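# Structural overview for review
Below are the chains, spelled out letter by letter.
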Amino acid sequence: MKIERIETFLVPPRWLFCRVETSDGVVGWGEPVVEGRAEVVRTAIDVLSEHLIGQDPLQIERHWQILTKGGFYRGGPVLSSAVAGLDHALWDIAGKVYGAPVSALLGGRVRDRARVYAWVGGDEPSAVADQVAEQVAAGMTAVKMNGSGRISPSPSVAEINDIVARLSAARSALGDTRDVAIDLHGRVGVAGARRILHAVEDLQPMFVEEPVLPEHMLHLADVVSSSTVPLALGERLYHRSEFAAPLNAGIAVVQPDVSHAGGISELRRIASLADTHGAMLAPHCPLGPISLAASLQVSFATPNFLIQEQSRGIHYNVANDLTSYVVDPTPFTWINGHAEYNPLPGLGITVDENAVREADKLGHTWRNPLWTQEDGTFAEW
(Lines give C-alpha, C1' and ligand atoms only; values in the text may rest on other atoms or scores of the structure.)
Protein backbone atom coordinates (compact mmCIF):
# COMPACT_ATOMS: atom_id res chain seq x y z
CA MET A 1 0.00 0.00 0.00
CA LYS A 2 1.34 3.41 -1.01
CA ILE A 3 0.21 7.01 -0.65
CA GLU A 4 -1.17 8.07 -4.03
CA ARG A 5 -2.81 11.45 -3.56
CA ILE A 6 -2.88 14.31 -1.04
CA GLU A 7 -5.47 17.09 -1.31
CA THR A 8 -6.32 20.13 0.81
CA PHE A 9 -9.64 21.92 1.27
CA LEU A 10 -10.17 25.44 2.55
CA VAL A 11 -13.55 25.28 4.29
CA PRO A 12 -15.57 27.86 6.24
CA PRO A 13 -15.60 29.17 8.86
CA ARG A 14 -11.78 29.17 9.17
CA TRP A 15 -10.51 25.61 8.72
CA LEU A 16 -8.21 23.66 6.41
CA PHE A 17 -8.70 19.92 5.87
CA CYS A 18 -6.37 17.48 4.14
CA ARG A 19 -7.22 14.15 2.52
CA VAL A 20 -4.65 11.39 2.03
CA GLU A 21 -5.61 8.53 -0.31
CA THR A 22 -3.75 5.24 -0.67
CA SER A 23 -3.35 2.81 -3.56
CA ASP A 24 -5.74 0.45 -1.74
CA GLY A 25 -8.44 3.10 -1.59
CA VAL A 26 -8.09 3.77 2.15
CA VAL A 27 -8.56 7.48 2.90
CA GLY A 28 -7.36 9.39 5.94
CA TRP A 29 -8.35 12.91 6.96
CA GLY A 30 -6.44 15.60 8.85
CA GLU A 31 -6.89 19.21 9.87
CA PRO A 32 -3.72 21.26 9.36
CA VAL A 33 -4.44 24.92 9.97
CA VAL A 34 -3.08 28.05 11.55
CA GLU A 35 -6.06 30.26 12.21
CA GLY A 36 -5.74 33.26 9.93
CA ARG A 37 -2.92 31.66 7.89
CA ALA A 38 -4.72 28.69 6.34
CA GLU A 39 -3.53 29.46 2.81
CA VAL A 40 0.09 29.47 3.94
CA VAL A 41 -0.26 26.07 5.62
CA ARG A 42 -1.90 24.78 2.45
CA THR A 43 1.27 25.60 0.54
CA ALA A 44 3.37 23.89 3.20
CA ILE A 45 1.29 20.73 2.75
CA ASP A 46 2.07 20.81 -0.98
CA VAL A 47 5.80 20.94 -0.25
CA LEU A 48 5.74 18.20 2.41
CA SER A 49 3.65 15.98 0.14
CA GLU A 50 6.70 15.60 -2.10
CA HIS A 51 8.11 13.22 0.50
CA LEU A 52 4.92 11.28 1.20
CA ILE A 53 3.70 10.43 -2.30
CA GLY A 54 4.65 6.84 -3.07
CA GLN A 55 5.47 5.98 0.56
CA ASP A 56 3.96 3.41 2.92
CA PRO A 57 1.36 5.32 5.00
CA LEU A 58 1.78 3.00 7.99
CA GLN A 59 5.34 4.18 8.69
CA ILE A 60 3.96 7.07 10.71
CA GLU A 61 6.90 7.74 12.99
CA ARG A 62 9.42 7.47 10.14
CA HIS A 63 7.46 10.07 8.20
CA TRP A 64 7.08 12.31 11.24
CA GLN A 65 10.82 12.37 11.79
CA ILE A 66 11.54 13.24 8.16
CA LEU A 67 8.79 15.83 7.84
CA THR A 68 9.89 17.66 11.01
CA LYS A 69 13.68 17.29 10.63
CA GLY A 70 14.28 16.87 6.92
CA GLY A 71 14.55 20.59 6.30
CA PHE A 72 17.48 22.59 7.64
CA TYR A 73 15.02 25.18 9.06
CA ARG A 74 12.58 23.52 11.40
CA GLY A 75 9.58 24.17 13.57
CA GLY A 76 7.27 27.12 13.84
CA PRO A 77 3.49 27.23 13.59
CA VAL A 78 3.14 26.80 9.82
CA LEU A 79 5.41 23.79 9.38
CA SER A 80 4.30 22.13 12.63
CA SER A 81 0.64 22.56 11.70
CA ALA A 82 1.20 21.13 8.22
CA VAL A 83 2.93 18.11 9.75
CA ALA A 84 0.10 17.81 12.27
CA GLY A 85 -2.62 17.50 9.65
CA LEU A 86 -0.69 14.90 7.69
CA ASP A 87 -0.03 13.02 10.92
CA HIS A 88 -3.79 12.95 11.69
CA ALA A 89 -4.46 11.49 8.27
CA LEU A 90 -1.80 8.79 8.59
CA TRP A 91 -3.12 7.72 11.99
CA ASP A 92 -6.64 7.70 10.53
CA ILE A 93 -5.44 5.40 7.75
CA ALA A 94 -3.64 3.14 10.21
CA GLY A 95 -6.75 2.77 12.35
CA LYS A 96 -8.86 1.91 9.34
CA VAL A 97 -6.31 -0.63 8.10
CA TYR A 98 -6.06 -2.33 11.51
CA GLY A 99 -9.78 -1.96 12.24
CA ALA A 100 -9.25 -0.08 15.49
CA PRO A 101 -9.62 3.45 16.88
CA VAL A 102 -6.39 5.41 17.11
CA SER A 103 -6.67 5.33 20.91
CA ALA A 104 -6.29 1.54 20.74
CA LEU A 105 -3.12 1.95 18.67
CA LEU A 106 -1.81 4.30 21.37
CA GLY A 107 -2.14 1.56 23.97
CA GLY A 108 -5.86 1.53 24.58
CA ARG A 109 -8.26 3.79 26.42
CA VAL A 110 -7.74 4.58 30.08
CA ARG A 111 -11.21 6.13 30.49
CA ASP A 112 -14.68 5.52 29.14
CA ARG A 113 -15.63 9.17 28.76
CA ALA A 114 -13.72 12.42 28.46
CA ARG A 115 -14.84 15.65 30.09
CA VAL A 116 -15.29 18.61 27.74
CA TYR A 117 -15.89 22.31 28.31
CA ALA A 118 -17.86 24.95 26.45
CA TRP A 119 -16.90 28.48 25.45
CA VAL A 120 -18.92 31.49 26.63
CA GLY A 121 -18.55 35.23 26.22
CA GLY A 122 -16.78 35.68 22.89
CA ASP A 123 -13.78 37.90 22.20
CA GLU A 124 -15.27 40.81 24.17
CA PRO A 125 -17.02 38.88 26.95
CA SER A 126 -20.28 40.23 28.32
CA ALA A 127 -23.51 38.89 29.85
CA VAL A 128 -21.72 35.68 30.71
CA ALA A 129 -24.11 34.66 33.49
CA ASP A 130 -26.94 33.93 31.05
CA GLN A 131 -24.61 32.05 28.70
CA VAL A 132 -23.20 30.00 31.55
CA ALA A 133 -26.71 29.17 32.74
CA GLU A 134 -27.54 27.90 29.24
CA GLN A 135 -24.50 25.60 29.32
CA VAL A 136 -25.46 24.31 32.77
CA ALA A 137 -28.97 23.57 31.46
CA ALA A 138 -27.35 21.68 28.56
CA GLY A 139 -25.51 19.47 31.04
CA MET A 140 -22.03 20.98 30.79
CA THR A 141 -19.90 20.80 33.91
CA ALA A 142 -17.27 23.36 32.88
CA VAL A 143 -16.96 26.52 30.82
CA LYS A 144 -14.13 28.77 29.69
CA MET A 145 -14.19 32.43 28.76
CA ASN A 146 -11.79 35.20 27.92
CA GLY A 147 -10.85 37.09 31.05
CA SER A 148 -11.28 40.36 29.22
CA GLY A 149 -11.57 41.96 25.84
CA ARG A 150 -8.89 44.40 24.81
CA ILE A 151 -7.06 45.48 27.93
CA SER A 152 -4.08 47.61 28.85
CA PRO A 153 -0.75 45.77 29.23
CA SER A 154 -0.67 47.29 32.70
CA PRO A 155 -4.36 46.95 33.61
CA SER A 156 -6.17 49.55 35.65
CA VAL A 157 -8.10 48.82 38.82
CA ALA A 158 -11.32 49.10 36.83
CA GLU A 159 -10.12 46.60 34.24
CA ILE A 160 -9.12 44.09 36.90
CA ASN A 161 -12.42 44.61 38.71
CA ASP A 162 -14.25 43.86 35.45
CA ILE A 163 -12.45 40.51 35.21
CA VAL A 164 -13.35 39.68 38.80
CA ALA A 165 -16.99 40.68 38.30
CA ARG A 166 -17.29 38.57 35.15
CA LEU A 167 -15.71 35.55 36.80
CA SER A 168 -17.88 36.04 39.87
CA ALA A 169 -21.01 36.07 37.70
CA ALA A 170 -19.93 32.83 36.05
CA ARG A 171 -19.11 31.24 39.40
CA SER A 172 -22.54 32.19 40.76
CA ALA A 173 -24.25 30.52 37.80
CA LEU A 174 -22.05 27.42 38.06
CA GLY A 175 -22.06 26.87 41.79
CA ASP A 176 -19.32 24.94 43.56
CA THR A 177 -19.71 21.63 41.72
CA ARG A 178 -18.87 22.94 38.25
CA ASP A 179 -15.76 24.64 36.93
CA VAL A 180 -14.80 27.83 35.12
CA ALA A 181 -11.51 28.70 33.46
CA ILE A 182 -10.42 32.05 32.11
CA ASP A 183 -8.09 32.81 29.23
CA LEU A 184 -5.88 35.90 29.48
CA HIS A 185 -4.50 35.34 25.94
CA GLY A 186 -1.21 36.97 26.93
CA ARG A 187 -2.98 40.34 26.82
CA VAL A 188 -1.28 41.79 29.90
CA GLY A 189 2.30 42.06 31.08
CA VAL A 190 3.95 39.96 33.77
CA ALA A 191 3.09 42.35 36.60
CA GLY A 192 -0.48 42.66 35.36
CA ALA A 193 -0.84 38.88 35.26
CA ARG A 194 0.28 38.59 38.89
CA ARG A 195 -2.24 41.21 39.97
CA ILE A 196 -5.09 39.49 38.12
CA LEU A 197 -4.23 36.09 39.59
CA HIS A 198 -4.26 37.56 43.08
CA ALA A 199 -7.61 39.24 42.40
CA VAL A 200 -9.37 36.07 41.15
CA GLU A 201 -7.83 33.62 43.61
CA ASP A 202 -10.84 33.43 45.94
CA LEU A 203 -13.12 32.50 43.02
CA GLN A 204 -11.04 29.35 42.44
CA PRO A 205 -10.92 29.07 38.65
CA MET A 206 -10.08 25.61 37.32
CA PHE A 207 -7.13 27.30 35.61
CA VAL A 208 -6.03 30.61 34.15
CA GLU A 209 -4.80 30.18 30.60
CA GLU A 210 -1.88 31.94 28.94
CA PRO A 211 -1.23 34.50 31.67
CA VAL A 212 1.82 35.75 29.75
CA LEU A 213 3.01 35.56 26.16
CA PRO A 214 5.42 32.79 25.11
CA GLU A 215 8.17 35.38 24.68
CA HIS A 216 7.88 36.26 28.38
CA MET A 217 8.42 32.67 29.54
CA LEU A 218 11.56 33.74 31.40
CA HIS A 219 9.32 35.26 34.07
CA LEU A 220 6.77 32.45 34.20
CA ALA A 221 8.08 30.97 37.44
CA ASP A 222 7.49 34.31 39.18
CA VAL A 223 3.91 34.34 37.92
CA VAL A 224 3.32 30.74 39.02
CA SER A 225 4.65 31.39 42.51
CA SER A 226 2.58 34.54 42.94
CA SER A 227 -0.70 32.65 43.36
CA THR A 228 -2.29 29.29 44.12
CA VAL A 229 -4.37 29.48 40.93
CA PRO A 230 -3.42 26.66 38.49
CA LEU A 231 -1.84 28.07 35.33
CA ALA A 232 -2.21 26.63 31.85
CA LEU A 233 -0.58 27.35 28.50
CA GLY A 234 0.69 25.77 25.31
CA GLU A 235 -1.49 26.63 22.32
CA ARG A 236 1.42 28.63 20.87
CA LEU A 237 4.07 26.01 21.56
CA TYR A 238 4.80 23.49 18.81
CA HIS A 239 7.31 20.92 20.10
CA ARG A 240 7.86 19.04 23.35
CA SER A 241 11.15 20.88 23.92
CA GLU A 242 9.22 24.16 24.19
CA PHE A 243 7.22 22.74 27.11
CA ALA A 244 10.27 21.97 29.23
CA ALA A 245 10.70 25.52 30.56
CA PRO A 246 7.03 26.13 31.52
CA LEU A 247 6.83 22.70 33.17
CA ASN A 248 9.98 23.45 35.13
CA ALA A 249 8.40 26.78 36.08
CA GLY A 250 5.51 24.89 37.65
CA ILE A 251 2.53 25.23 35.31
CA ALA A 252 -0.29 22.86 36.22
CA VAL A 253 -1.84 22.25 32.80
CA VAL A 254 -0.37 21.89 29.31
CA GLN A 255 -2.53 22.86 26.32
CA PRO A 256 -0.85 21.72 23.11
CA ASP A 257 -3.07 21.83 20.03
CA VAL A 258 -3.23 18.64 17.96
CA SER A 259 -3.48 20.76 14.79
CA HIS A 260 -0.44 22.88 15.66
CA ALA A 261 1.96 20.83 17.76
CA GLY A 262 2.94 18.09 15.33
CA GLY A 263 -0.28 16.09 15.46
CA ILE A 264 -1.25 12.99 17.41
CA SER A 265 2.34 11.76 17.52
CA GLU A 266 3.70 14.83 19.29
CA LEU A 267 0.65 15.52 21.43
CA ARG A 268 1.10 12.10 22.98
CA ARG A 269 4.76 12.83 23.79
CA ILE A 270 3.96 16.24 25.29
CA ALA A 271 1.35 14.60 27.52
CA SER A 272 3.94 12.08 28.75
CA LEU A 273 6.43 14.87 29.43
CA ALA A 274 3.79 16.74 31.43
CA ASP A 275 3.04 13.59 33.42
CA THR A 276 6.65 13.43 34.62
CA HIS A 277 6.13 16.91 36.12
CA GLY A 278 2.76 16.13 37.70
CA ALA A 279 0.97 18.36 35.17
CA MET A 280 -2.32 17.64 33.43
CA LEU A 281 -3.28 17.65 29.73
CA ALA A 282 -6.12 19.88 28.49
CA PRO A 283 -5.76 19.88 24.70
CA HIS A 284 -6.38 23.21 22.98
CA CYS A 285 -8.99 22.72 20.25
CA PRO A 286 -11.23 25.60 19.11
CA LEU A 287 -11.15 24.21 15.55
CA GLY A 288 -13.09 21.76 13.40
CA PRO A 289 -14.32 18.17 13.61
CA ILE A 290 -11.18 16.42 12.40
CA SER A 291 -8.98 18.28 14.87
CA LEU A 292 -11.36 17.47 17.73
CA ALA A 293 -11.65 13.81 16.72
CA ALA A 294 -7.85 13.52 16.65
CA SER A 295 -7.53 15.29 19.99
CA LEU A 296 -10.09 13.03 21.65
CA GLN A 297 -8.19 9.92 20.51
CA VAL A 298 -5.23 11.12 22.57
CA SER A 299 -7.42 12.24 25.46
CA PHE A 300 -8.97 8.79 25.84
CA ALA A 301 -5.54 7.14 25.93
CA THR A 302 -3.80 9.63 28.26
CA PRO A 303 -3.74 9.00 32.03
CA ASN A 304 -3.03 12.62 33.01
CA PHE A 305 -5.86 14.07 30.91
CA LEU A 306 -7.87 16.84 32.59
CA ILE A 307 -10.44 18.22 30.15
CA GLN A 308 -10.95 18.73 26.41
CA GLU A 309 -11.67 22.02 24.66
CA GLN A 310 -14.27 21.84 21.88
CA SER A 311 -15.79 24.40 19.55
CA ARG A 312 -19.45 23.44 19.38
CA GLY A 313 -21.32 26.75 19.55
CA ILE A 314 -18.14 28.84 19.75
CA HIS A 315 -18.52 32.40 18.51
CA TYR A 316 -16.33 31.86 15.42
CA ASN A 317 -18.58 29.15 13.98
CA VAL A 318 -21.42 31.30 12.70
CA ALA A 319 -22.56 29.45 9.56
CA ASN A 320 -20.65 26.17 10.00
CA ASP A 321 -20.13 24.14 13.15
CA LEU A 322 -18.53 20.87 14.26
CA THR A 323 -21.21 18.80 12.56
CA SER A 324 -21.26 20.61 9.21
CA TYR A 325 -18.73 18.32 7.51
CA VAL A 326 -19.40 14.92 9.10
CA VAL A 327 -21.94 12.29 8.07
CA ASP A 328 -22.87 11.32 11.64
CA PRO A 329 -22.69 13.91 14.45
CA THR A 330 -23.00 11.31 17.22
CA PRO A 331 -19.29 11.45 18.25
CA PHE A 332 -19.84 15.13 19.04
CA THR A 333 -22.90 14.63 21.24
CA TRP A 334 -21.99 15.49 24.82
CA ILE A 335 -23.63 13.52 27.62
CA ASN A 336 -23.52 15.28 30.98
CA GLY A 337 -20.59 17.35 29.78
CA HIS A 338 -18.60 14.40 28.49
CA ALA A 339 -17.65 12.78 25.19
CA GLU A 340 -18.36 9.06 25.27
CA TYR A 341 -15.71 6.61 24.09
CA ASN A 342 -15.86 6.13 20.32
CA PRO A 343 -15.02 2.56 19.15
CA LEU A 344 -15.08 3.36 15.41
CA PRO A 345 -11.79 2.81 13.54
CA GLY A 346 -9.28 5.54 12.81
CA LEU A 347 -10.30 8.97 14.08
CA GLY A 348 -13.84 7.68 14.59
CA ILE A 349 -15.66 10.05 12.23
CA THR A 350 -16.86 9.89 8.63
CA VAL A 351 -16.10 13.09 6.78
CA ASP A 352 -18.81 14.25 4.36
CA GLU A 353 -16.54 14.52 1.34
CA ASN A 354 -19.18 16.07 -0.91
CA ALA A 355 -19.85 18.82 1.63
CA VAL A 356 -16.11 19.46 2.00
CA ARG A 357 -15.54 19.72 -1.76
CA GLU A 358 -18.50 22.07 -2.16
CA ALA A 359 -17.30 24.24 0.75
CA ASP A 360 -13.82 24.44 -0.75
CA LYS A 361 -15.29 26.10 -3.84
CA LEU A 362 -16.31 28.99 -1.57
CA GLY A 363 -13.23 28.84 0.66
CA HIS A 364 -12.55 31.55 3.23
CA THR A 365 -10.12 34.32 4.05
CA TRP A 366 -10.56 34.37 7.82
CA ARG A 367 -8.17 36.66 9.71
CA ASN A 368 -8.00 37.27 13.42
CA PRO A 369 -9.09 40.72 14.62
CA LEU A 370 -6.47 43.45 14.84
CA TRP A 371 -6.86 45.44 18.04
CA THR A 372 -5.39 48.76 19.15
CA GLN A 373 -5.33 50.61 22.44
CA GLU A 374 -7.03 53.98 22.82
CA ASP A 375 -3.77 55.72 21.91
CA GLY A 376 -3.47 53.74 18.68
CA THR A 377 -0.77 51.31 19.80
CA PHE A 378 -1.07 47.57 19.17
CA ALA A 379 -3.18 45.52 21.56
CA GLU A 380 -2.97 41.74 21.95
CA TRP A 381 -6.01 39.89 20.64
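Residues numbered from 1 in each chain as written. Predicted model: local features only at pLDDT ≥ 70, side-chain atom pairs only at ≥ 80, totals over all residues. Heavy atoms only, no water.

## Some details on the overall build of the protein chain
Worth spelling out the cut-off: By definition, any uninterrupted DSSP run of H or I lasting at least four residues is a helix, any uninterrupted run of E lasting at least two residues is a strand, and each is numbered from the N terminus. Our radius of gyration looks at C-alpha atoms and nothing else; its globule reference is 2.2 Å times the residue count to the power 0.38. Exposure categories follow from relative accessible area, calculated using a 1.4 Å probe and restricted to protein chains: below 20% of the type maximum is buried, above 50% is exposed, and the middle band is partly exposed. Contact between two residues is taken to exist if any of their heavy atoms lie within 4.5 Å; hydrogens are not considered. The method behind every accessible area is Shrake-Rupley, applied with a 1.4 Å probe, and residues are considered shielded solely by the protein chains displayed. Positive charges come from Lys and Arg alone, negative charges from Asp and Glu alone, with His and the N- and C-terminal ends not counted. Where a charge lies is defined by one atom per residue type: Lys uses NZ, Arg uses CZ, Asp uses CG and Glu uses CD.
Each helix and strand counted, the protein chain has 12 helices and 14 strands in total. In terms of C-alpha radius of gyration, the protein chain reaches 20 Å, essentially the compact-globule figure of 21 Å for 381 residues. Along the first, second and third principal axes, the C-alpha set of the protein chain runs to 60 × 45 × 45 Å. Out of the 381 residues in the protein chain, the part that is buried amounts to 57%. The long-range share in the protein chain, meaning contacts at least 24 apart out of those at least 6 apart in sequence, stands at 72%. About 15000 Å² of surface is accessible on the protein chain, with carbon and sulfur atoms providing 52% of the total. In the protein chain, 30 side chains carry a positive charge and 45 a negative one; their mean positions are 3 Å apart.

## Some points on a nonpolar patch on the surface
We count it as follows: Two joining distances apply to patches: 9 Å for like charges and 5 Å for nonpolar side chains (Val, Leu, Ile, Met, Phe, Trp, Tyr), and every residue must have over 30% relative accessible area and no salt bridge. In what follows, salt bridge is the name for a side-chain nitrogen of Lys or Arg lying within 4 Å of a carboxyl oxygen of Asp or Glu.
Where nonpolar side chains cluster on the molecular surface, the patch consists of V97, Y98 and L105 and spans about 260 Å² of accessible area. For Y98, the location among the structural elements is in helix α3 (residues 77–98). Relative accessible area serves as the criterion here: at 53%, Y98 is assigned to the exposed category.

## So, the pairing of strand β2 (residues 15–22)
Condition: Think of it this way: DSSP has to see at least two bridges between two strands before they count as a pair.
The buried fraction of β2 amounts to eight of the eight residues, a majority that puts the element mostly inside the structure. Of the two faces of β2, both are covered, the one formed by W15, F17, R19 and E21 as well as the one formed by L16, C18, V20 and T22. Sheet topology note: the strand β1 (residues 3–11)/β2 ladder contains eight bridges and is antiparallel. Among the inter-strand pairings, E7 is bridged to a residue of β2, identified as R19. Between β1 and β2, which pair antiparallel one after the other, the connecting turn spans three residues.

## Looking at helix α7 (residues 190–200)
In an α-helix, one full turn covers 3.6 residues, which means residues spaced three or four apart are oriented alike. As a reminder of what qualifies: It is the directions from the helix axis to the C-beta atoms whose arc is reported.
Among the residues of α7, those classed as buried are V190, G192, A193, I196, L197 and V200. All buried residues of α7 lie within an arc of 155° about the axis, which places them on one face of the element.

## Description of the side chain of S299
Within the secondary structure layout, S299 lies in helix α11 (residues 289–300). Taking the relative accessible area as the measure of exposure, S299 reaches 0% and is therefore buried. Setting aside chain neighbours within four positions, we find S299 in contact with R111, P283, F305 and Q308.

## Thoughts on the UniProt feature "domain: Mandelate racemase/muconate lactonizing enzyme C-terminal" (unreviewed entry) in the protein chain
For clarity, the cut-off: UniProt positions are given in the numbering used here, feature names are shortened, and annotations may be inferred rather than shown by experiment.
Residues given the UniProt feature "domain: Mandelate racemase/muconate lactonizing enzyme C-terminal" (unreviewed entry) here are residues 125–230. When the span residues 125–230 is considered, its composition is 42% helix and 11% strand, and the gap between its end C-alpha atoms is 22 Å.

## Quick word on the sheet that holds β2
Here is the rule we go by: Note on geometry: axes are C-alpha line fits, over the in-contact stretch for helices, and angles between N-to-C directions span 0 to 180 degrees.
The strand order across the open sheet built from three strands is β1-β2-β3, with neighbouring strands paired in antiparallel fashion. Each end of this open sheet is capped by a strand with a single partner; those strands are β1 and β3 (27–30). Ignoring strand direction, the axes of neighbouring strands in this sheet form an average angle of 20°. In terms of strand pairing, β2 meets β3 through four bridges, oriented antiparallel. When the bridges of β3 are listed, R19 appears paired with W29. Against the sheet, α3 makes contact with β1, β2 and β3, and its axis sits at roughly 145° relative to β3, the strand it touches most. Sitting on the sheet, helix α12 (residues 353–362) is in contact with β1, β2 and β3, with an inclination near 60° to β1.

## Re the environment of A244
Note that A244 resides in helix α9 (residues 240–249). Judged by relative accessible area, A244 falls into the partly exposed class, the value being 30%. C-alpha separation for the pair A244 and I270, spaced 26 residues apart in sequence, amounts to 9.4 Å.

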